[in-house]
Amino acid sequence: MASNDERLRQVSLARDIVSRPELGSVFGLIIIVLTFMSLTSISGTFSAMWTNPIGIQAWVELAAFVGILAIGAALLMIVGEFDLSMGANIALAGHSFALLLIFGVPVVPAIFITFCELALLGLIIGTIVVRTGLPSFIVTLGFWFASRGLAVFLSQTLVNQSRLSVTEQLKPPAGGGEDPSLIDNIFAFDRAFGLPFDAEVYYFAILVVIMALMLHKTRYGNWIYAAGGDPQAARAVGVPVNRVKISLFMLSACLACLLGILTVMTSGASDPKAGDFRELHAIAAAVIGGCALTGGYGSVVGAVLGAFIFAIASRGINFVPFIDNNLFRVMLGLLVLGAALLNQFLRNRVLKT
Amino acid sequence: MTPTIQLKGVSKFFGNIIALKDISFEARKGQVTALLGDNGAGKSTLIKCLSGVHTPDEGAILIEGEPVRFRSPRDAAAAGIGTVYQDLALQPLMSVSRNFFLGREVSKGMFLDMDTMNEVTRTEMGKLGIDVADPEQPIGTMSGGQRQTLAIARAIYFGAKVLILDEPTSALGQKQQLEVLRTVNQVRDRSDIAIIFITHNDLHAKLIGDRFTFLNRGRILADGERTEIDTDNLRNLMAGGVELAELETEFKQ
């Protein structure tokens, strides 16, 4: 039997491509790469940024750092929520981990305990959001202050320091015995295997694959889209909307925890300013990557591309001396606006074609 | 034959408000029971009692002769009550087949079995006369009538014995309204499903109804088979009969 609506066209393949949420960010990435390739060619720094390992490390590692948070930001935006506390939670996790080490807790239990703490924090944030019905923007704004404040308060009260150095605790003990650096090498495994990038790059790659598969190929991913698209409709067919939302707040806190611990392991210290403003960078990456602020639309892959756009623009500006550094923020602002506009246009096309 | 669903003296109160009082009616499989009434007549409350959103304060609901008591919409769905709400409970940006299976997805191992879900969606929609060329197209691209059909097909596929349609034609254009009526007729022809068709459109009720139940101010005003009801006078009954006549005299003065 033929379709009852003759106005429906067969647009399968074309629409498939156009309807991908990350389409806008693919264009964005191409434009950013070409722009910085030309700019670096002009200023004679092309090889320093694009072929020199240190130059490549600079933007790939930043992309991974922002990208790990952006995965959480994207999933939360798809489910219709925000987490402004991610950056502050990096500092909280780092401080918790460092304090545990200072008080003599071995590395592995310290990692485990810190992850449990941050998961609990995510559970608390998520529960407040779904139970009170307050916008997550407001709730997590509260935790944006509270998390970093708590981190500094604890460290100053307990050890009278706000920056916690743990290089001693991460070194192998002189008289043999358990070697924390071994654990360090397994968790932050880049040095153990002599890999070219910091560990977060590999965690990032693994997380992207897992989360993208989860989002598009599992029932849980289906529920994330549904809970964000129309929560009432999702509830009506039995989707546990509140549980999905709470679990994503927990994931977001755990991603911040991963970055907090990795930062301490790499630098040997926990800085109270760690992760400052990273939540906004992650949200920018998710927006550039095509996530709708209203929920129900977006992708992990788009957020990843958004993170690369952010990182290339952010680091690239250092390779182009004739452009003022402050201009970078102007550019980034325009980039976010432009991407949001393009994505809105593309999203409307999905419903029209 | 035992009615598929039967209400005996059902009442529902909200504080001092009597939303429903002493409602008794029945719906049989292979029949369309048209439930008519004006705004505020208690249609929505009645649907919510049937679909497990509200629990009646008095009276009993019987399914195939067995008394049932629903504590949640899930209970009602498990007992074979499929409710298609006016706002449809669909996700406009998600695909046709993902909407069809939302909340009851088919997985193969860890991952969704999209092939099976697409195939079932295509087949089930085909049974109701809609040819879905691409089950992965976003549902936002479908017409309102086709979305109604999807919601109906979904309810039937997941085991509805009683299909409750809440004003399925009211939000649609004229042509799509007829599409939905055609779909309802197709479901009736299966003769294994009792359809409760809620409407305030007397023309549609007259076209498709086998039985008519009129609600007015929370009570049953009239109830009967097509042969027992003056189908030309549906509009009068729905508006509460007397009131319309009163208005007529008022205008003439």
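Here the structure is shown first, and the text comes after it.
First, a word on scope: everything that follows refers to the structure included in this document. Quantities reported herein were computed from a predicted structural model and do not represent experimental measurements.

Things to note about the overall build of chain A
Helix and strand content of chain A: 17 helices and two strands. Taken over 353 residues, chain A has a buried fraction of 53%. Within chain A, contacts between residues separated by at least 24 positions form 76% of all contacts whose residues are at least 6 apart in sequence. A total accessible area of about 15,500 Å² is found for chain A, and carbon and sulfur atoms account for 68% of it.

Considerations on the sheet that holds strand β12 (residues 219-225) of chain B
The strands that make up a sheet pair up through hydrogen bonds in the backbone, lying either parallel or antiparallel. Residue and element names in this part refer to chain B. Read across the sheet, six strands follow the order β6-β9-β10-β3-β11-β12 without closing on themselves; strand pairing throughout is mixed. Bordering the open sheet on either side are β6 (81-84) and β12, each of which pairs with just one other strand. Strand-to-strand twist across the sheet, computed as the mean angle between neighbouring axes with direction ignored, equals 15 degrees. Where strand β3 (residues 32-37) meets strand β11 (residues 211-216), five bridges bridge the pair, whose relative direction is parallel. By the bridge assignment, Ala34 is partnered in β11 with Phe212. Sitting on the sheet, helix α6 (residues 174-189) touches β3, β9 (162-166) and β10 (194-199), and the angle it makes with β10 is about 155 degrees.

Section: the sheet that holds strand β2 (residues 17-27) of chain B
All names here are of chain B. Strand order in this open sheet of four strands is β2-β1-β4-β5, and the pairing throughout is antiparallel. The open sheet has two edge strands, β2 and β5 (66-68), and neither has a second partner. Strand after strand, the sheet turns through a mean of 30 degrees between neighbouring axes, direction not considered. Taken together, the five bridges between strand β1 (residues 5-14) and strand β4 (residues 58-63) define a ladder with antiparallel strand orientation. In the sheet register, Ile5 faces β4, and the bridge partner there is Ile63. Sitting on the sheet, helix α1 (residues 43-50) touches β1, β2 and β4, and the angle it makes with β2 is about 65 degrees.

Thoughts on the nonpolar core
A general feature of soluble globular proteins is that nonpolar side chains tend to end up buried together. Counting residues in each nonpolar core, the largest one holds 108 residues, and the members touching the most others are Phe36, Ile71, Leu75, Phe97, Ile224 and Ile312 of chain A. In terms of residue count, the dominant contributor to this core is helix α4 (residues 53-78) of chain A (17 residues). If we ignore the near neighbours within four places in the chain, the residues touching Ile71 of chain A are Phe204, Leu207, Val208, Met211, Leu255 and Val300 of chain A. Phe101, Ala153, Val180 and Phe197 of chain B belong to the second largest nonpolar core, which has 34 residues in total.

Considering the pattern of salt bridges
Taken as a whole and judged by the stated rule, the model has 15 salt bridges over all chains. Glu26 of chain B is the salt-bridge partner of Arg28 of chain B, the closest N and O atoms lying 2.8 Å from each other. On the basis of relative accessible area, Glu26 of chain B is assigned to the buried category, the value being 17%. In this structure, Glu124 of chain B engages Lys127 of chain B in a salt bridge whose closest nitrogen and oxygen atoms are separated by 2.9 Å. Taken together, the positions of Glu124 of chain B and Lys127 of chain B, both in helix α4 (residues 114-127) and three residues apart, correspond to about one turn of that helix. Owing to a relative accessible area of 10%, Glu124 of chain B belongs among the buried residues under this scheme. What you see here is one network of salt bridges that share partners, running through Arg148, Lys273 and Asp276 of chain A.

Some thoughts on the packing of α4 of chain B against helix α5 (residues 144-157) of chain B
Residue and element names in this part refer to chain B. Here α4 crosses α5 at 105 degrees, and the two axes come no closer than 9 Å. By the criterion of interaxial angle, the relationship of α4 to α5 is roughly perpendicular. Note on element contacts: α5 touches α4 through Gln146, Thr149, Leu150, Ala153 and Tyr157, opposite Val120, Glu124 and Met125. Residue composition of the contact of α4 with α5, by class: five nonpolar, two polar and one charged.

Here's the deal with the packing of helix α2 (residues 23-42) of chain A against helix α16 (residues 300-316) of chain A
Residue and element names in this part refer to chain A. Across the interface, α2 lies against α16 with an axial gap of 9 Å and an inter-helix angle of 20 degrees. On the basis of the axis angle, α2 is roughly parallel to α16. Where α2 crosses over α16, the handedness of that crossing is left-handed. Residue-level contacts link Ser25, Val26, Gly28, Leu29, Ile32, Val33 and Phe36 of α2 to Gly302, Leu305, Phe308, Ile309, Ile312, Ala313 and Gly316 of α16.

A word on the state of the cysteines
Residue and element names in this part refer to chain A. Under the definition given, this model contains zero disulfides over all chains. You can see Cys254 has no disulfide; the closest cysteine sulfur is in Cys257, sitting 6.2 Å from it. Free of any disulfide, Cys291 has its nearest neighbouring cysteine sulfur in Cys254, separated by 20 Å. On the basis of relative accessible area, Cys291 is assigned to the buried category, the value being 3%.

What to know about the pairing of β12 of chain B
All names here are of chain B. Strand direction decides the pairing type here: β11 and β12, joined by six bridges, are antiparallel. Among the inter-strand pairings, Asn216 is bridged to a residue of β12, identified as Arg219. Counted along the chain from β11 to the antiparallel partner β12, the turn is two residues long, and its residue Arg217 has a positive phi close to 50 degrees.

Digging into helix α12 (residues 219-229) of chain A
In terms of residue burial, α12 of chain A counts as a mostly covered element, since eight of its 11 residues are buried. Along α12 of chain A, the positions that sit buried rather than exposed are Gly221, Asn222, Trp223, Ile224, Tyr225, Ala226, Ala227 and Gly228 of chain A. Buried residues in α12 of chain A make contact with α4, α11 (199-217), α13 (231-236) and α14 (241-267) of chain A together with α3 (96-101) and β8 (111-112) of chain B.

Considering the packing of aromatic side chains
Inspection of every chain in the model, using the stated rule, returns 11 aromatic pairs over all chains. Note on Trp144 of chain A and Phe145 of chain A: the rings are 4.9 Å apart at their centroids and 85 degrees apart in plane angle, and the pair reads as edge-to-face. Since its relative accessible area comes to 27%, Trp144 of chain A is described here as partly exposed. The class for Phe145 of chain A is exposed, based on a relative accessible area of 55%. Summarising the aromatic geometry, the rings of Phe101 of chain B and Tyr157 of chain B are spaced 5.9 Å apart at their centres and angled 75 degrees between planes, so their arrangement reads as edge-to-face. Of this pair, Phe101 of chain B sits in helix α3 while Tyr157 of chain B is found in helix α5, placing the two residues 56 residues apart along the sequence. On the basis of relative accessible area, Tyr157 of chain B is assigned to the partly exposed category, the value being 35%. Pairwise contacts between aromatic rings join Trp50, Trp59, Phe204 and Phe308 of chain A into one cluster. Over the face of the ring belonging to Phe158 of chain B we find Arg104 of chain B, whose NZ or CZ atom lies 4.0 Å from the ring centre.

Observations regarding the side chain of Glu105 of chain B
Among the secondary structure elements, Glu105 of chain B is positioned in the loop between α3 and β7 (107-108). On the accessibility criterion, Glu105 of chain B (6% relative accessible area) is buried. With near-sequence residues (within four places) excluded, Glu105 of chain B lies in contact with Arg219, Asn222 and Trp223 of chain A together with Leu112 and Met117 of chain B.

Criteria and thresholds
Counting restarts for each chain, with residues numbered from 1 along the sequence as it is written. Note on labels: chains are lettered from A, ligands numbered from 1, in written order. Restriction of local features to residues with pLDDT of at least 70 applies here, the model being predicted, together with a cutoff of 80 or more for giving and counting side-chain atom pairs; totals for whole chains, interfaces and linings are based on all residues. Side-chain figures throughout are based on the complete set of non-hydrogen atoms in the structure, without hydrogens or water. Helix and strand assignments follow DSSP, with helices taken as H or I runs no shorter than four residues and strands as E runs no shorter than two, numbered in order from the N terminus. Each residue is assigned to one of three classes by its accessible area relative to the maximum for its type, calculated with a 1.4 Å probe on protein chains only: buried under 20%, partly exposed between the two thresholds, exposed over 50%. The contact criterion used throughout is that any non-hydrogen atoms of two residues lie within 4.5 Å. Only the protein chains shown count as cover for residues, and all accessible areas are computed by the Shrake-Rupley method using a 1.4 Å probe. Strands qualify as paired when DSSP identifies two bridges or more between them. Each axis is a line fitted through C-alpha atoms, taken for helices only over the stretch in contact, and angles between the N-to-C directions span 0 to 180 degrees. Put simply, buried Ala, Val, Leu, Ile, Met, Phe, Trp, Tyr and Cys residues joined by side-chain atoms within 4.5 Å make one nonpolar core. For this analysis, a salt bridge means a side-chain nitrogen from Lys or Arg found within 4 Å of a carboxyl oxygen belonging to Asp or Glu. For classification, angles of less than 35 degrees are called roughly parallel, those exceeding 145 degrees roughly antiparallel, those between 65 and 115 degrees roughly perpendicular, and all remaining angles oblique. Each residue gets one of three labels, nonpolar for Ala, Val, Leu, Ile, Met, Phe, Trp, Tyr, Cys and Pro, charged for Asp, Glu, Lys and Arg, and polar for the others, Gly among them. In this scheme, a crossing is called left-handed if the near helix is turned counterclockwise away from the far one by less than a right angle; it is called right-handed if the turn is clockwise. Put simply, a disulfide is two cysteine sulfurs that come within 2.5 Å. Two rings from Phe, Tyr or Trp (for Trp, the six-membered ring) form a pair when their centres sit within 6.5 Å of each other. Planes less than 30 degrees apart are called stacked, planes more than 60 degrees apart edge-to-face, and all others tilted. The criterion is that NZ of a Lys, or CZ of an Arg, lies within 6 Å of the ring centre and within 35 degrees of the ring normal, and then a charge sits over that ring.

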